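Observations on chain architecture
Spelled out from the first residue to the last, the chains are:
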Amino acid sequence: MDLTLMLNFGAALFAVVNPLGNLPVFVSFTANDDRRVQAFLSLFFAVWIAGGLLLFMFTGQDILEFFGIGLPAFRIAGGILLFVTGLSMIRGEGTRGPNQPGDAKEGSSLQQAERRFRDVLIPLGVPIFIGPGSITTVILYSDKAHGETQTLGLAAVVLTIAVATGLVLSTASWVHEALGNTGLDIATRVLGLFLAAMGVQFVLDGLASVTTGFINAAGA
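Presented here is an overview of the structure given in this document. (Residues numbered from 1 in each chain as written. Predicted model: local features only at pLDDT ≥ 70, side-chain atom pairs only at ≥ 80, totals over all residues. Heavy atoms only, no water.)

**Regarding the overall build of the protein**
- Secondary structure summary: the protein contains eight helices and zero strands in total.
- Order of helices (α) and strands (β) in the protein, N terminus to C terminus: α-α-α-α-α-α-α-α.
- For 220 residues, the compact-globule estimate of 2.2 N^0.38 gives 17 Å, and the protein sits close to it at 18 Å.
- Considered along the principal axes of its C-alpha atoms, the protein spans approximately 60 × 40 × 30 Å. (Helix = DSSP H or I, 4+ residues; strand = E, 2+ residues; numbered from the N terminus. Rg over C-alpha atoms; globule rule 2.2 N^0.38 Å.)

**Points about the pattern of salt bridges**
- Considering all chains together, one arrives at three salt bridges under this definition.
- Residue R35 pairs with E177 through a salt bridge whose shortest N-O separation is 2.2 Å. Within this pair, whereas R35 is found in helix α3 (residues 35-66), its partner E177 is found in helix α8 (residues 172-219), the two being separated by 142 residues in sequence.
- In this structure R35 comes out as partly exposed when scored by relative accessible area, which is 46%.
- Looking at E177, the relative accessible area reads 55%, which means it is exposed. (Salt bridge = Lys/Arg side-chain N within 4 Å of Asp/Glu carboxyl O. Buried < 20%, exposed > 50% of the residue type's maximum accessible area, 1.4 Å probe, protein only.)

**Things to note about unusual backbone geometry**
- Put simply, I122 and P123 share a cis peptide bond, and its omega is 20 degrees.
- In this structure, N18 is a non-glycine residue whose phi angle is positive, near 50 degrees.
- Its relative accessible area of 31% is what places N18 among the partly exposed residues.

**Looking at the layout of surface pockets**
- If you add up the space inside the largest pocket, you get close to 230 Å³.
- Of all the secondary structure elements, the ones that give two or more residues to the lining of the largest pocket are α1 (3-17), α2 (19-30), α5 (109-129), α6 (132-144) and α8.
- By residue number, the principal contributor to the lining of the largest pocket is α8, which donates five residues. (1 Å grid on protein atoms, 1.4 Å probe; cavity = no way out; pocket = protein on both sides within 12 Å on 5 of 7 lines; lining within 4 Å. Points joined across faces, edges and corners; volume = space filled by probe spheres on them.)

**Some words on the side chain of D33**
- Assignment of secondary structure puts D33 in the loop between α2 and α3.
- At 3.0 Å, the side chain of D33 and the side chain of R116 are in polar contact. (Polar contact = N/O pair within 3.5 Å; in protein donor to acceptor, adjacent residues only side chain to side chain.)

**Concerning a nonpolar patch on the surface**
- On the surface, a nonpolar cluster with roughly 750 Å² of combined accessible area is contributed by I80, F83, V84, L87, I90, L193, V200, L204 and L207.
- Where the nonpolar patch is concerned, the elements lending two or more residues are α4 (71-90) and α8.
- Sort the elements by how many residues they give to the nonpolar patch and α4 lands first, with five residues.
- Relative to the assigned elements, I90 resides in helix α4.
- Judged by its relative accessible area of 31%, I90 falls in the partly exposed class. (Patch = residues over 30% accessible without salt bridge, like charges linked within 9 Å, V, L, I, M, F, W, Y side chains within 5 Å. Areas by Shrake-Rupley, 256 points an atom, 1.4 Å probe, with all protein chains shown as cover.)

**Quick look at the environment of G51**
- Assignment of secondary structure puts G51 in helix α3.
- Between the C-alpha atoms of G51 and L159, which are 108 residues apart in sequence, the distance is 8.7 Å.

Encoded structure:
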């Protein structure tokens, strides 16, 4: 097994999934959910990240080709989603969980978490945790793997990153308590600005890739 390949893949994937940097975003979306619901959500996102990234690692290029989608187009679409989400966070809209009694609070913590997961899957699940950066990373490194042993090693790295992300997200309630509502509002708006900027960067990267492709095709 190529240990260097595994370490490089782990570092790159951890950087693009960025559980530490995205933790305040997760907190802003789940601030009004109780700790048990947040714990289930952390578990759900860990499973989502593991399943999604493993799927793209083994079949990512084929999936994109099946739908006729190139990575530049995926970057642009993800960038637009991030920009819209960031703009909403800057305005203080649409991030907090339900804070009133009613259907949103009915059922067990697991049932509430299932409903909340569906609500926040976009943008948290896609494109924040699984987006153009992470998909590109797993596809590129899967191409570098030679043999079943290295492929299984990369899969183990994906599972490790997913578990680590779940553990980081499970601290959401502590982060909320430390920041308080006022601090969380300020952090949410600042993070919204960064998310919007990330979205613009994704769009620019996608457009740059498309432009380069056109230039190369014209010069061929």
